[in-house]
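Residues per chain are reported as follows:
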Amino acid sequence: MSPPVAPPGWSRWLVPPAALSVHLSIGQAYAWSVFKPPLESALDLSGTQSALPFQLGIVMLGLSAAFGGTLVERNGPRWAMTVALVCFSSGFLLSALGAATEQYWLIVLGYGFVGGIGLGIGYISPVSTLIKWFPDRPGMATGIAIMGFGGGALIASPWSAQMLESFGSDNSGIALAFLVHGLSYAVFMLLGVLLVRVPRTEKPVADGPSVVEGVQVSARNAVRTPQFWCLWVVLCMNVSAGIGILEKAAPMITDFFADTSTPVSVTAAAGFVALLSAANMAGRIGWSSTSDLIGRKNIYRVYLGAGALMYLLIALFGDSSKPLFILCALVILSFYGGGFATIPAYLKDLFGTYQVGAIHGRLLTAWSTAGVLGPLIVNWIADRQEEAGKHGASLYGLSFVIMIGLLVVGFVANELVRPVHPRHHLSAPREATDVRRQQPESA
C-alpha cells in the first residue's frame, strides 16, 4: 500500500494531524495502570502479573520498531499506519475476548504481543515523512507527532476509568471496555491513514533545503558507527531516569511526605501523576522545538546535565519541600518526553533522511532496555530498603544516586558524538539510484 502523492498546493501542516491521530491512540499504553486494579480483582492476579501486558507491549514496541523500520521506509507511512491500526485494535479485541472468558494469557497475547507490534510500527510510522515535509524544522515536526504519544494517557485515563465505572469492573465490564477501545481507536487511526501524504518532489518546501542533500547513511551502515551506539546510550540513560519516576510516581510522592505534617492523599497523588503526564507531553513539543534553535547536542546536554541536577535536588531536599519535589519531577519528565521527540532530528542531522525511520526503529531498542532497567532499579532498591526497616524518602535515596550516575554516563556519551566518517556515507550515484527506486514505493 502506497500513500497518495500530495497534490499541488497541499499544505504540509495537514501531515502532523495525521501523525497525531496515530500517536494519540497508541499513547493509551501509558494509561494501562487504570486496568490493573480491576484485572487483579476480577482475575485474581498479582501486581506483577497485571503489569505483564504493559511490560511486554514496551518490549515489543522496541523490537517491532527495530525489525520493521526498514519495511516502514520501503512501503511508506500509509502502509505502516495501516499495520499499526490492525495490530493495536486487534490487541484490544483479543484482550476483550480474554477478559470475557477469563483467559488472562489472551490479554497478555493481545495487548502485550499483538498490540505491542502496533505500538512499535505506529510510533515510527510518520517520522521520516515528517522530516521530509519539514527539513527546515525537523525537531518541531517530530515533536508535534510524538507529543501525542505522551499525551494519549491524558485522554485514555479518564475515558477508561469512566467506562469501567459505567460497565462495571468485573470481567464482563473490562471486556466491554476493551472492545470499545479497540473499535474507537480503529476509527480514529483510520483518519491518519486516509490523511497522510508524501511530498511530490524531493523539495517539499520551496525555500527549504533538499531532503536528500548532505550526508546520507543507510540503516545497515548506521548501526556500525560509534555515533549510533553513543545515541543508543544517551536515549537509554535518559529514558531510564524518567521512567524510574513515572512508573512509581504515586507511591513515591506518598512515601516522601508520609512522615511529614502534610502527607499526600490518594487524590493528590493521582493529580501528581496527571501533572507528570502533562509535563511529558509539553516537553516533547517544547524541548524538541528548542533543539531547532540551539542544536541537538546542546539540548541533550540540558536533558542529561540538568536532569542529574534535578535528581540531586530531590535526593538532598525533596522531602523538606513539596513544591521543590514536584517542580524537579516535572522538569525530569519534560526532559524524558523531550528526549524521545528530539532523537529523530538528531539522527537526521547525523545520518541524513535516507532510511532515518529504519535507523530510528533500531535505536528504540534502547527504550525497551530502559523500560525494564528504570523501574527495576527503583522498585528493587525500594523493596530492599523497606526490608531493612527504612521508610519514607530513605527508600529512594540510593536509586536516585544511581539515576544521577546513569545521566552522567549519558552526558559523556553525548559529548562523544562526532560527524559520521565518510566511509559510511552512501556514494552519490548509489544514493540517486536508491532514491529513484524508493520513489514508486513511497509516492
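Residues numbered from 1 in each chain as written. Predicted model: local features only at pLDDT ≥ 70, side-chain atom pairs only at ≥ 80, totals over all residues. Heavy atoms only, no water.

For His360, the position within the fold is in helix α15 (residues 356-363). For His360, a relative accessible area of 0% gives the class buried. Apart from residues lying up to four places away in sequence, His360 is in contact with Tyr123, Ile124, Val127, Ile343, Pro344 and Leu347. (Helix = DSSP H or I, 4+ residues; strand = E, 2+ residues; numbered from the N terminus. Buried < 20%, exposed > 50% of the residue type's maximum accessible area, 1.4 Å probe, protein only. Contact = heavy atoms within 4.5 Å.)

In this section: α15. When you tally the buried positions in α15, you get seven out of eight residues, the bulk of the element. Looking at α15, one finds that the buried residues are Val356, Gly357, Ala358, Ile359, His360, Gly361 and Leu363.

With respect to the helices and strands, the residue Asn414 is situated in helix α17 (residues 397-415). Residue class for Asn414 comes out buried when judged on its relative accessible area of 0%. Distance in space between the C-alpha atoms of Asn414 and Arg12 is 32 Å, their sequence separation being 402 residues. If near-sequence neighbours (up to four positions away) are discounted, Asn414 is found in contact with Val234, Lys297, Tyr300, Arg301, Leu304 and Tyr346.

Tallied over the entire structure, the rule returns seven salt bridges. Taking the shortest distance from any N to any O, the salt bridge between Arg137 and Asp136 comes out at 4.0 Å. A salt bridge links Arg384 to Glu387; its shortest N-O distance comes to 2.8 Å. Taken together, the residues span about one helical turn, with Arg384 and Glu387 both in helix α16 (residues 365-387) at a distance of three residues. Arg384 gets classed as partly exposed once you look at its relative accessible area, which sits at 30%. Connected through shared salt-bridge partners, Arg12, Asp136 and Arg137 make up one network. (Salt bridge = Lys/Arg side-chain N within 4 Å of Asp/Glu carboxyl O.)

Turning next to helix α5 (residues 104-124). Over its 21 residues, α5 runs 29 Å from end to end, which matches the ideal 30 Å to within 8%, given 1.5 Å per residue. Most pronounced at Gly115, the bend in α5 amounts to some 35 degrees. Within α5, 17 of the 21 residues are buried, which leaves it mostly tucked inside the rest of the structure. (Expected span 1.5 Å × (residues − 1). Bend = angle between axes of the 7 residues up to and from the residue.)

Here we come to the state of the cysteines. Using the criterion set out here, one finds zero disulfides in the structure. Cysteine Cys230 shares no disulfide, and the gap to the nearest cysteine sulfur, in Cys236, comes to 13 Å. (Disulfide = S-S within 2.5 Å.)

Turning our attention to unusual backbone geometry. Phi is positive for Asp44, close to 55 degrees, though the residue is something other than glycine. What makes Asp44 exposed here is its relative accessible area of 68%.

In this section: the confidence of the model for the protein. Taken over all residues, the pLDDT of the protein has a mean of 86, while the share at 70 or more is 92%. A low-confidence stretch, residues 202-211 (pLDDT under 50), is modelled with 21 contacts involving residues beyond four sequence positions or located in other chains. Counted against residues more than four places away or in other chains, residues 435-443, with its pLDDT under 50, gives 17 contacts. (pLDDT = per-residue confidence, 0-100.)

Moving on, we come to a nonpolar patch on the surface. There is a patch of nonpolar side chains on the surface, built from Leu93, Phe167, Leu176, Leu179 and Leu183 and spanning about 390 Å² of accessible area. At three residues, the largest contribution of residues to the nonpolar patch is made by helix α8 (residues 171-195). By the element assignment, Leu93 lies in helix α4 (residues 77-101). (Patch = residues over 30% accessible without salt bridge, like charges linked within 9 Å, V, L, I, M, F, W, Y side chains within 5 Å. Areas by Shrake-Rupley, 256 points an atom, 1.4 Å probe, with all protein chains shown as cover.)

All right, on to empty space enclosed by the protein then. The full count for this structure, using the stated rule, is one cavity of 30 Å³ or more. Taken together, Asn238, Ala241, Gly242, Tyr303, Gly307, Ile332, Phe335, Tyr336 and Leu407 make up the lining of the largest cavity. Every element with two or more residues in the lining of the largest cavity is listed here: α10 (226-246), α13 (296-317) and α14 (322-351). The class makeup of the residues in the lining of the largest cavity is six nonpolar, three polar and no charged. (1 Å grid on protein atoms, 1.4 Å probe; cavity = no way out; pocket = protein on both sides within 12 Å on 5 of 7 lines; lining within 4 Å. Points joined across faces, edges and corners; volume = space filled by probe spheres on them. Nonpolar A, V, L, I, M, F, W, Y, C, P; charged D, E, K, R; others polar.)

Attention now goes to the layout of surface pockets. Approximately 1,400 Å³ is the volume found for the largest pocket. Mapped by element, the contributors of at least two residues to the lining of the largest pocket are α2 (36-43), α3 (47-75), α7 (138-167), α10, α11 (249-256), α12 (266-294) and α16. For the lining of the largest pocket, the element with the most residues is α16, which contributes nine residues. Each residue belonging to the lining of the largest pocket can be placed in one class, and the counts come to 26 nonpolar, eleven polar and six charged.

Interhelical geometry of helix α1 (residues 15-26) versus α5 gives an angle of 150 degrees and a closest axis separation of 9 Å. Here α1 is positioned roughly antiparallel relative to α5, judged by the angle of their axes. Two packed elements cross with a definite hand, and for α1 against α5 that hand is left-handed. Taking contact as the criterion, the partners of Val22, His23 and Ile26 in α1 are, on α5, Gly118, Leu119, Gly122 and Tyr123. A per-class count over the contact of α1 with α5 returns four nonpolar, three polar and no charged. (Axes fitted to C-alpha atoms, helices over the stretch in contact; angles between N-to-C directions. Parallel < 35°, antiparallel > 145°, perpendicular 65-115°, else oblique. Left-handed = near helix turned anticlockwise from the far one by under 90°.)

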